[in-house]
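# Observations on the model geometry
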Amino acid sequence: MTSSALNKASEDTLESRAKRRILRRLPPPSTPTAKSVIDFTSNDYLSLSVSPHLHNHLLSTLSRSETILGSGGSRLLVNPATHHDLELRLATFFHHTQEGTLLFNSGYDANVSFFSTVPQSGDVVVYDEYIHASVHDGIRSGCRAQRRVSFRNNDLASLTSVFEELLDNVDENGLGLRLRNGTSSLFLAVESVYSMDGTFAPLKAMVQLLEGLFPCGNAYLIVDEAHATGLYGPQGRGRVALEELEGHPKILARLCTFGKALAATGAVIMTTPLVVRYMTNYARPLIYTTALSHLAIIAASCSFDMLEDGTAEALAERVLGMSRWFSKQLRERLIEEKIGIEILRVGIEKVDQREPEKWSLHFHSPIIPLLTSPPLSLTETKSYSPAHDLSSHLLARYRILARPITWPTVAKGQDRVRICLHAGHTEEQVAALVEGVVEWGKMRARVVQEDRVLFRTRL
Ligand SMILES: Cc1ncc(COP(=O)(O)O)c(C=O)c1O
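Residues numbered from 1 in each chain as written. Predicted model: local features only at pLDDT ≥ 70, side-chain atom pairs only at ≥ 80, totals over all residues. Heavy atoms only, no water.

As recorded in an unreviewed UniProt entry, the protein goes by Aminotransferase class I/classII large domain-containing protein and comes from Marasmius oreades. In UniProt, the protein has this text filed under Cofactor (unreviewed entry): "pyridoxal 5'-phosphate". (UniProt positions renumbered as here; feature names shortened; annotations may be inferred.)

## A look at the overall build of the protein
Counting its regular elements, the protein contains 15 helices and 13 strands. Summarising its shape, the C-alpha atoms of the protein cover approximately 70 × 65 × 65 Å along the three principal directions. Taking all 459 residues of the protein together, 49% fall into the buried category. Sequence-distant contacts, at least 24 apart, represent 74% of the contacts inside the protein between residues at least 6 apart. Just so you have it, the protein exposes about 21,700 Å², and 56% of that area is on carbon and sulfur atoms. Distance between charge centres in the protein, computed from 49 positive and 50 negative side chains, equals 5 Å. (Helix = DSSP H or I, 4+ residues; strand = E, 2+ residues; numbered from the N terminus. Buried < 20%, exposed > 50% of the residue type's maximum accessible area, 1.4 Å probe, protein only. Contact = heavy atoms within 4.5 Å. Areas by Shrake-Rupley, 256 points an atom, 1.4 Å probe, with all protein chains shown as cover. Lys, Arg positive; Asp, Glu negative; His and termini not counted. Charge placed at Lys NZ, Arg CZ, Asp CG, Glu CD.)

## Overview of empty space enclosed by the protein
A probe as big as a water molecule, rolled over the atoms, marks out the empty space that is left. All chains considered together, the criterion is met by three cavities of 30 Å³ or more. Lining of the second largest cavity is provided by 13 residues; of these, Arg75, Leu103, Phe104, Asn105 and Ala291 occupy positions nearest its centre. Mapped onto the lining of the second largest cavity, the elements with two or more residues apiece are β2 (101–104) and α11 (284–287). (1 Å grid on protein atoms, 1.4 Å probe; cavity = no way out; pocket = protein on both sides within 12 Å on 5 of 7 lines; lining within 4 Å. Points joined across faces, edges and corners; volume = space filled by probe spheres on them.)

## Re the site of the ligand
Near the ligand there are 13 residues, and of these Gly107, Tyr108, Asp224, His227 and Lys260 occur at the shortest range. The separation between a nitrogen atom of the ligand and a polar side-chain atom of Asp224 is 2.6 Å. A distance of 3.0 Å separates an oxygen atom of the ligand from a polar atom in the side chain of Lys260. Against a free-state accessible area of 390 Å², the protein chains account for coverage of 81% of the ligand. For the shell around the ligand, the element with the highest residue contribution is helix α4 (residues 107–117), accounting for three residues. When its residues are assigned to classes, the shell around the ligand shows two nonpolar, eight polar and three charged. (Near = heavy atom within 4 Å. Polar contact = N/O pair within 3.5 Å; in protein donor to acceptor, adjacent residues only side chain to side chain. Nonpolar A, V, L, I, M, F, W, Y, C, P; charged D, E, K, R; others polar.)

## Some remarks on the layout of surface pockets
In this structure, the second largest pocket encloses a volume near 440 Å³. As for the second largest pocket, its lining consists of 20 residues, of which Arg20, Pro375, Lys382, Trp407 and Asp415 are closest to the centre. Residue classes in the lining of the second largest pocket are distributed as six nonpolar, eight polar and six charged.

## Regarding the sheet that holds strand β3 (residues 124–128)
Paired through their backbone hydrogen bonds, the strands of a sheet run either parallel or antiparallel. The mixed open sheet is built from seven strands, whose spatial order is β2-β8-β7-β6-β5-β3-β4. This sheet does not close on itself; its edge strands, each paired only once, are β2 and β4 (147–151). Taken over all neighbouring pairs, the strand axes of this sheet differ in orientation by 20° on average, direction set aside. Pairing analysis gives five bridges linking β3 to β4, with the strands arranged parallel. Within the sheet, the bridge partner assigned to Asp128 lies in β4 and is Phe151. Sheet strands touched by helix α10 (residues 273–282): β2, β7 (251–257) and β8 (267–270). Its angle to β2, the strand with the most contacts, is close to 35°. (Pairing = 2+ DSSP bridges. Axes fitted to C-alpha atoms, helices over the stretch in contact; angles between N-to-C directions.)

## Description of the side chain of Thr61
Structurally, Thr61 can be placed in helix α2 (residues 52–64). Among residues more than four places away in sequence, those in contact with Thr61 are Ile298 and Cys302.

## A look at the pairing of β3
Of all the five residues making up β3, five are buried; the element is thus mostly covered by neighbouring parts of the structure. The alternating pattern of β3 places Val124, Val126 and Asp128 and Val125 and Tyr127 on opposite faces, both of which are buried. Taken together, β3, helix α5 (residues 133–140) and β4 form a β-α-β motif whose crossover is right-handed. (Right-handed = clockwise from strand over helix to strand, strands pointing away.)

## A few points about the sheet that holds strand β9 (residues 344–346)
Taken in spatial order, the four strands of this open sheet run β9-β10-β13-β12, and their pairing is antiparallel. Two strands close off the open sheet at either side, each with one partner strand: β9 and β12 (404–405). Pairing of β12 with strand β13 (residues 416–420) involves two bridges; the strand directions are antiparallel. In the strand pairing of β13, Pro404 is matched with Val417.

## Re the pattern of salt bridges
The full count for this structure, using the stated rule, is 17 salt bridges. For Glu87, the salt bridge is made with Arg75, and the minimal N-O distance between the two is 2.7 Å. With Glu87 in helix α3 (residues 81–93) and Arg75 in the loop between α2 and α3, the pair connects residues that are twelve residues apart, well separated along the chain. In this structure, Glu87 and Arg75 share a single accessibility class: buried. Ionic pairing is found between Arg416 and Asp197, a salt bridge with its closest N-O pair at 2.5 Å. Residue Arg416 is found in strand β13, and its partner Asp197 is found in the loop between β5 (186–191) and α8 (203–213); the two are separated by 219 residues along the sequence. For Arg416, a relative accessible area of 1% puts it in the buried group. Overall, the relative accessible area of 2% leaves Asp197 in the buried class. (Salt bridge = Lys/Arg side-chain N within 4 Å of Asp/Glu carboxyl O.)

## Digging into the side chain of Thr406
With respect to the helices and strands, Thr406 occurs in the loop between β12 and β13. Overall, the relative accessible area of 14% leaves Thr406 in the buried class. What Thr406 contacts, discounting residues up to four positions off in sequence, is Arg21, Ile22, Ser385, His388 and Asp415.

Here is the structure:
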């Protein structure tokens with residue numbers, strides 16, 4: 001292919017994306033402290049990225065550190081004491097073994113490493129339909145598992161029927177028999193908090209299901225705590241800790257990432273010493289990359305100081321309380337203004353709406369999706385996106401930055417504006433968000449009404 005043919009092919013593909021309004025591009029440069037917009041988009045749930053306390057703590061720790069630059073190479077080549085010490089510390093913090101604790105440069109690398117290497121031929125990977133792209137990429141890149149099968153998001157009935165189908169399987173070289181007699185293994189991949197919906201995997205029920213259906217002990221839960229780390233459980237140790245499942249033999253691996261609530265970078269997997277030794281031999285994203293710099297490890301360590309000293313727990317309580325207030329307030333205002341769920345749906349229901357007084361903070365997440373309806377059949381083109389429109393409205397009128405999320409990041413028909421609340425948001429800012437959304441909802445309701453009238457007159 002000549003270079004002009006390459007340019008044409010690339011441009012045509014990108015243009016097609018642009019026409020379908022799914023073109024990805026870098027947003028304009030921003031700084032976390034910029035006052036021009038109110039950030040309801042980043043994953044800075046605890047507002048640690050703008051915490052003067054953490055900022056000063058990091059600077060003074062760095063000024064006392066002998067080595068802060070670079071890391072010198074792959075972990076397998078250099079293994080700096082800084083990295084080893086953080087693993088040691090995290091093992092203690094997460095009530096785990098040091099030999100079973102392994103750092104990665106990112107959560108993405110950690111998931112790709114685990115899923116591309118640990119499942120063996122003849123094994124099965126079962127994953128939630130909303131599992132993160134990094135798990136898919138791990139399964140795609142070299143994973144030898146015989147079957148990969150999804151189940152409906154957080155749906156125990158769907159999961160049970162997937163398990164039963166696998167156990168009853170009489171073909172595929174006796175897959176069912178091997179799963180029943182324990183000669184094949186099953187890996188169940190879930191996120192404790194789903195990044196786009198803010199819903200929770202029912203971890204305890206899943207552990208019980210694995211125990212009941214796979215008595216040979218050959219089925220394992222792999223929990224991605226990327227959006228739970230720092231927010232839930234004692235000291236922010238995540239939902240595995242909250243559900244008192246730390247150290248449970250069914251949980252083969254637990255992933256905590258540092259780039260979201262912790263305002264740092266990197267990730268850690270807590271698994272068995274054998275899996276650590278296995279990944280050290282085969283996981284390419286661990287072997288063939290330069291380890292995180294000392295600077296990054298020190299930064300992550302300072303963030304964990306915030307978890308250990310209780311700072312994070314107080315911030316988490318604040319942001320989860322705000323989430324409860326925001327979703328309740330917005331629902332009430334939408335009902336008041338007669339804006340139905342065909343226009344806008346607030347969140348994916350997590351709790352019994354009839355008993356709001358029983359809503360515990362633990363049922364709330366700082367991620368609240370505002371699901372918009374599809375474009376109108378008569379008056380709007382297919383490329384019109386209500387989610388983009390809502391996002392633009394919030395930015396133009398309220399200086400609120402809340403990004404639209406559309407296919408292919410979420411399933412078709414699931415377009416939304418994803419709201420991420422932060423501990424540092426003020427009540428006025430959250431109240432402005434409620435009003436901005438309601439204002440847009442009222443405008444949208446009028447347009448929908450006009451479209452209906454037009455539809456009737458054409459009949
Ligand atoms: C659920 C989940 N897992 C893993 C990752 C990857 O983590 P990291 O950003 O550290 O690569 C993300 C981040 O987008 C995520 O949302």
